[in-house]
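Examining the three-dimensional arrangement
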Amino acid sequence: MKSAAIAPGDVTRYGLGLAAPLALVFAVFFIAPLAQLFYLSLHNDAVATVWGLGQYVKFLTDPFSLSVLGATLLLGAEVTLLCLVLGYPIAWLHQRAGHWLQTVIILIVLLPLLTSVVVRTFAWIVILGRQGIINSTLQSLGLISTPLRMLYTQGGLVVALAQVQMPLMVLPLITAIGRIDTNLADASASLGAGHWRTFFRVILPLSMPGIIAGCTLTYAAAITAFITQSLVGGGQMLFMPMYLYQQASTLQNWPFAAAISIIFLVAVLAIVALFSTLGRRARINGDAT
Amino acid sequence: MAGGAEAKSLVLDRITHRFAGGTLAVSDINLDVKGGEIIALLGPSGCGKTTLLRIIAGFIGQSEGRVIIGKDVVDALPPNRRAVGIVFQNYALFPHLTISENVGYGLAARGVDKATRRGEAQRLLEMVQLGALGARLPRQLSGGQQQRVALARALAIKPSILLLDEPFAALDKNLRLDMQIEVKRLQRMAGITTLIVTHDQEEALSMADRVAVLSHGQLEQFGTPSEIYDNPQTLFVNTFVGTANRMKGTVIAAGPTGARVQLEAGGEIIGRAPKPLRASDKVVVCLRPEHLHFVSDESGFAGEIGMALPLGATVVHEIRMRDGQSIKISQARTGDTSLRDAGATVRIAPLGPGLATIFPE
């Protein structure tokens, strides 16, 4: 309401000047390479001399390629869901906690960001491996006789990725939940709503911006997490980043790798767009009873 | 709604609350509110009035004492089972719901079907003169309109008690008076027992049937606005409600309800004493600016004009007494009221005996 005092025209004029340096960086280091990538993908042969849509046709008619894409998108969905389910209560607790506990929660949430992805990933290998912490504990307790297979499984990978990407979910959630006026929950209660109704009718719809931001970030990070996917997933599971790497680096098929990139990018953008559309709809129909 | 269920009484029975750190928020508060009354809880910030409101609403469980609504002790009931309507200071409208959905929220929580809810919300919105705005979102409304919505939302659940937390603090002065009249009208119409928490004495005196003045978690006085203003029982009430000049002195002679005091500023004064006094007690004498006048004879006490403030309907002079204290004197502005020059020597005296109130120091 306060911003109404500034005419929209002024905002644009100042905004353009201030945004120019970053815009330039984006143009040179992001837009231009992307354009080059697209240009490369429009060639039918490996040395990029013959124009055509052959690479796209090849990918979209190849069941193996499509299954890699599908597996990657599914992996992202599973990781995002797990992060949301585990992360929301943490963000909620942060909102309700005292100052001291809030600091501790933030520290714990941020801690994964302060260690290298490689280190974190190897930690998961130590935890999930055949002679890892979980297996040796369960065996010494006599609960299992042979080690469980957790490393190189979809479940193990989802858990490891969820841990690695958790800050990307929790931080936007903390911000969004922190912005919700605490009086709203009191108002809801005084009007006769129980805890669950208050949560689903008031708190959840109002945390939607944080949920969308968190899901988008987590999703994008999970499906492109090359190191964790490769090390915890192992050689038997192939996801888009590794597929792309093999095509470009090992097989030197640059146009096909470029086409994979473009298809991957479009698929991710489509899903991000879906997230925000769903979120917007949830906000509009807050009272959907 | 008029002529509906009989308005419920509210009794606070020896309410004491300590915060987690051990700080005493309110101490031994007894209030007996009759059905349909408007009560103001008046006090400066930190006096415990908001804590009291949150205890009545059920957001805080008091350390000791009982809250009784009608014939029921409600201490064991959570906020959502107390049927206490609240209008929050910032209105706390649900920003993602339309005005109509906001008003219908309490009914939805009670399982009322959508069509009935819409109709009831519309009826309430028309009652607060916002019938055409049901489809808007709260942020599209002005402050005064948002407050009407908050009121309609609280009334929709047909509460037994209505609590208003600093309801007019966020409104500008002209709108505030309109809303005060509006709230009083709606309260009379609905006949709901109402508690207003406020730090604004004018608001408390104009809106409430009875006013409870709180200070440091203690109930200082509970009475009608006239009793509070004309017959304050404590020094705090006398100085917090309205303005009062405070003059130090020593009791010369004391009776059961009054005393004669020698003032340090010179002169003697006779006043009421709410608490019994004895001769030679050190006291504070409170005298309201409108209970003083300039005199031309030798009665009263001498001083010199410090400043003259023409405040519209009244004229206030600040007078420096001989002992260095300053005293305000307020006169209604009539045709011949003139401002006096600074530095002029004057004598002032109470308009009559018994207008001063005397408290132990």
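Only a predicted model underlies this, so the values are computations on that prediction, with no experimental measurement involved.

Looking only at helices and strands, chain A features 13 helices and 0 strands. Counting from the amino terminus, helix and strand elements in chain A follow one another as α-α-α-α-α-α-α-α-α-α-α-α-α. Projected onto its principal axes, the C-alpha positions of chain A cover 70 × 70 × 40 Å. Burial statistics for chain A: of 289 residues in total, 31% are counted as buried. Within chain A, residue pairs in contact and separated by at least 24 positions form 73% of the contacts whose partners lie at least 6 positions apart.

This next bit is on the confidence of the model for chain A. Of the residues in chain A, 93% reach a pLDDT of 70 or more, and the chain-wide mean stands at 87. Ignoring residues within four places in sequence, the model shows residues 1-6 of chain A, a span with pLDDT below 50, making 1 contact including any to other chains.

Okay, the packing of helix α8 (residues 182-190) of chain A against helix α9 (residues 195-206) of chain A next. Residue and element names in this part refer to chain A. Between α8 and α9, the least distance of the axes is 10 Å, while the angle of their chain directions is 140°. The orientation of α8 with respect to α9, classified from their angle, is oblique. The interaxial crossing formed by α8 with α9 has right-handed handedness. Where α8 abuts α9, its residues Leu-184, Ala-185, Ser-188 and Ala-189 lie against Thr-198, Val-202 and Ile-203.

What follows is about the interface of chain A and chain B. Across the contact, 19 residues belong to chain A and 22 residues belong to chain B. Of all the secondary-structure elements, those providing two or more residues to the side of chain A that touches chain B are α8 and α9 of chain A. Counting residues per element, the side of chain A that touches chain B draws most heavily on α8(A), at 6 residues. Of the residues in the side of chain A that touches chain B, the class split is 8 nonpolar, 6 polar and 5 charged.

Another point: the domain arrangement of chain B. Interfaces are often sized by the amount of accessible area the parts lose when they come together. When its domains are assigned, chain B resolves into domain 1 (10-235) and domain 2 (243-360). A straight line from the C-alpha centre of domain 1 of chain B to that of domain 2 of chain B covers 39 Å.

Now for the environment of B:Ile99. Residues and elements named next belong to chain B. Looking at the element boundaries, Ile-99 is found in helix α2 (residues 99-109). Note on Ile-99: 26 C-beta atoms within 10 Å, which makes it buried. Sequence-distant contacts of Ile-99, defined by excluding residues within four places in its chain, comprise Leu-125, Leu-130, Leu-133, Gly-134, Arg-136, Pro-138 and Val-149.

The next point concerns the pairing of strand β7 (residues 161-165) of chain B. All names here are of chain B. By the criterion of burial, β7 is predominantly enclosed, with 5 of the 5 residues buried. Burial along β7 is two-sided: the residues Ile-161, Leu-163 and Asp-165 and Leu-162 and Leu-164 are all buried. Bridging between strand β6 (residues 84-87) and β7 involves 4 bridges; their strand directions are parallel. Of the residues in β7, the one forming a bridge with Gly-85 is Leu-162. Where β7 meets strand β8 (residues 193-198), 5 bridges bridge the pair, whose relative direction is parallel. From the neighbouring strand, Leu-162 faces β8, where its bridge partner is Thr-194. In this region the chain leaves β7, passes through helix α5 (residues 173-190) and returns to the parallel neighbour β8; the handedness of that crossover is right-handed.

Core analysis: the biggest nonpolar cluster contains 103 residues, and B:Ala40, B:Ile56, B:Leu163, B:Ala212 and B:Val285 have the highest contact counts within it. Ranked by residue count, the leading element in this core is helix α4 (residues 143-156) of chain B, at 7 residues. Per-domain counts for this core show at least three residues from each of domain 1 (10-235) and domain 2 (243-360) of chain B. Residues within four places of B:Ala40 in sequence aside, it is in contact with B:Ile196, B:Thr198, B:Ala204, B:Met207, B:Ala208, B:Val211 and B:Ala212. In this structure, A:Leu128, A:Leu161, A:Ile177 and A:Ile211 belong to the second largest nonpolar core, which totals 50 residues.

We now examine the sheet that holds strand β19 (residues 345-350) of chain B. Residue and element names in this part refer to chain B. Strand order in the open sheet made by the 5 strands is β15-β19-β16-β17-β18, with antiparallel pairing throughout. Among the strands making up the open sheet, the edge pair consists of β15 (292-295) and β18 (326-332). Each strand axis lies, on average, 50° off the axis of its neighbour in the sheet, ignoring direction. Sheet topology places strand β16 (residues 301-310) next to β19; 4 bridges connect them, and they run antiparallel. Bridge assignment links Phe-301 to a residue of β19, and that residue is Ile-348.

What counts as what
Residues numbered from 1 in each chain as written. Chains lettered and ligands numbered in written order. Predicted model: local features only at pLDDT ≥ 70, side-chain atom pairs only at ≥ 80, totals over all residues. Helix = DSSP H or I, 4+ residues; strand = E, 2+ residues; numbered from the N terminus. Buried ≥ 20, exposed ≤ 12 C-beta atoms within 10 Å, placed from the backbone. Contact = placed C-beta atoms within 7 Å. pLDDT = per-residue confidence, 0-100. Axes fitted to C-alpha atoms, helices over the stretch in contact; angles between N-to-C directions. Parallel < 35°, antiparallel > 145°, perpendicular 65-115°, else oblique. Left-handed = near helix turned anticlockwise from the far one by under 90°. Nonpolar A, V, L, I, M, F, W, Y, C, P; charged D, E, K, R; others polar. Domains from an automatic or database assignment. Pairing = 2+ DSSP bridges. Right-handed = clockwise from strand over helix to strand, strands pointing away. Core = buried A, V, L, I, M, F, W, Y, C linked by C-beta atoms within 7 Å.

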